[in-house]
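Observations on chain architecture
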Amino acid sequence: MLDSWEVYDFELQSRLFLGTAQYPSPAIMHEAIEASGAQVLTTSLRRQAPNAGGGQKWWQQLRKLNSQILPNTAGCRNAKEAVTLAHMARELFHTNWIKLEITGDDYNLQPNILELLVATEQLQKEGFKVFAYTTEDLVVCKRLRDLGCQVIMPWGAPIGTGKGLLNPYALKTLRERLLDVSLVIDAGIGLPSHVAQVMELGFDGVLLNTSVARCDDPAKMAKAMHHASVAGRLAYLSGAISERETAVASTPVIGTPFWQSKEN
């Protein structure tokens, strides 16, 4: 199915973004990436220092992949840290793309939306293409859009939990109210059924990491996630029926079957 979409003027066919952390080995990561069909890969500069030990080797491996690299600011606690890291990422990877993450709580790793808005405004003015990781708060997402952010990434559930979509109502509302930006669910996805649900709601894409990297067979799971994204997208495009409270016969009843007629 040819169903391309544009992300900051970059054309993509795949609707899966894949993280590069937590895999048992680089070889298994490569297998999973190939199986997923993902064209965009995320990586953290904060948690893997490029100048320490094998850091340079890691960056070289990523550059060799036939993928668009989306650096992220995971681990940052405020706008100043995130902006500094974004500039490092631009210099290292030669890209203006940045997945902007700012942690506000250690327990559930909830994004700090106040600092996020500050950093987004500054980075947009400095020419960055911001992918903003946030909660499902509609008002915050509208503000991110107004700041010029073309890709907003609300969480499905706290990162790494695998719980799926905890607030489908709010996410459905986001999709209905923000038709002029790309929405990519990020965090909390655990199963292919979660991916299908995301796509059935009309979201443009979904980002995965833990659910693939930490399972028993990452390549198989990545392939399953790929098929789920395609199935969910097709279901959305097909115009699914609405739910009903009462049963409706799938076969119309016209007249009386001949074996029940009065003449017999």
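Refer to the preceding data block for the structure.
Cut-off values and rules
Residues numbered from 1 in each chain as written. Predicted model: local features only at pLDDT ≥ 70, side-chain atom pairs only at ≥ 80, totals over all residues. Heavy atoms only, no water. Helix = DSSP H or I, 4+ residues; strand = E, 2+ residues; numbered from the N terminus. Buried < 20%, exposed > 50% of the residue type's maximum accessible area, 1.4 Å probe, protein only. Contact = heavy atoms within 4.5 Å. Areas by Shrake-Rupley, 256 points an atom, 1.4 Å probe, with all protein chains shown as cover. Axes fitted to C-alpha atoms, helices over the stretch in contact; angles between N-to-C directions. Parallel < 35°, antiparallel > 145°, perpendicular 65-115°, else oblique. Left-handed = near helix turned anticlockwise from the far one by under 90°. Salt bridge = Lys/Arg side-chain N within 4 Å of Asp/Glu carboxyl O. Disulfide = S-S within 2.5 Å. Core = buried A, V, L, I, M, F, W, Y, C linked by side-chain atoms within 4.5 Å. Arc of directions from axis to C-beta.

**Quick look at the overall build of the protein chain**
A tally of helices and strands in the protein chain yields 9 helices and 10 strands. Every one of the 264 residues in the protein chain was classed for burial, and the buried ones make up 47%. Across the protein chain, every contact between residues at least 6 apart in sequence was considered, and the portion connecting residues at least 24 apart equals 64%. When the accessible area of the protein chain is evaluated, it comes to approximately 14000 Å², of which 51% is carbon and sulfur surface.

**A look at the packing of helix H4 (residues 113-125) against helix H5 (residues 138-146)**
Running from amino to carboxyl end, H4 crosses H5 at an angle of 10°, the nearest separation of the two axes being 10 Å. Comparing their axes, H5 and H4 come out roughly parallel. Only Val140, Arg143 and Leu144 of H5 make contact with H4, whose side of the interface consists of Ile113, Leu116, Leu117 and Thr120.

**Structural notes on the packing of helix H7 (residues 192-200) against helix H9 (residues 218-238)**
Interaxial distance between H7 and H9 falls to 7 Å at its minimum, and their mutual angle equals 25°. In terms of their interaxial angle, H7 and H9 are classed as roughly parallel. Where H7 crosses over H9, the two elements pack in a sense that is right-handed. Here Pro192, Val195, Ala196, Met199 and Glu200 of H7 come into contact with H9, specifically with Met221, Ala224, Met225, Ala228, Ser229, Gly232, Arg233, Ala235 and Tyr236.

**A word on the pattern of salt bridges**
Two side chains of opposite charge can pair, provided their charged atoms sit close to one another. In total, this model carries 8 salt bridges according to the counting rule given. With a closest N to O distance of 2.6 Å, Glu101 and Lys99 form a salt bridge. Lys99 carries the same exposure label as Glu101, and that label is buried. Among the salt bridges present, the one from Lys172 reaches Glu176, with a minimum N-O distance of 2.6 Å. Pair noted here: Lys172 and Glu176 are both in helix H6 (residues 168-177), with a separation of 4 residues, about one helical turn.

**Details of the state of the cysteines**
Inspection of the entire model under this criterion finds 0 disulfides. Cysteine Cys149 is unpaired, with the sulfur of Cys141 as its nearest cysteine sulfur at 9.1 Å.

**Let's talk about the nonpolar core**
In terms of nonpolar packing, the biggest core is built from 70 residues, with Phe17, Phe131, Val195, Leu208 and Val212 touching the most fellow members. Top contributing element to this core by residue count: helix H3 (residues 79-93), with 8 residues. Once residues within four sequence positions are removed from consideration, Val195 is found in contact with Leu16, Ile189, Val206, Leu208, Met225, Ala228 and Ser229.

**A look at helix H1 (residues 26-36)**
Along H1, the residues classified as buried are Met29, Ala32, Ile33 and Ser36. For H1, the buried positions fall inside an angular range of 100° around the axis, keeping them on one side. Of the residues one or two after H1, Gly37 is the one with positive phi, at around 75°.

**Focus on the environment of Val206**
The residue Val206 is located in strand S10 (residues 205-208) in this model. Along the sequence, Val206 and Val184 sit 22 residues apart, while their C-alpha atoms lie 4.9 Å from each other. Setting aside anything within four residues of it in sequence, one finds Val206 in contact with Arg15, Leu16, Phe17, Val184, Ile185, Ile189, Val195 and Val198.

In short, the description is geometric, and any link to function would need to be established separately.
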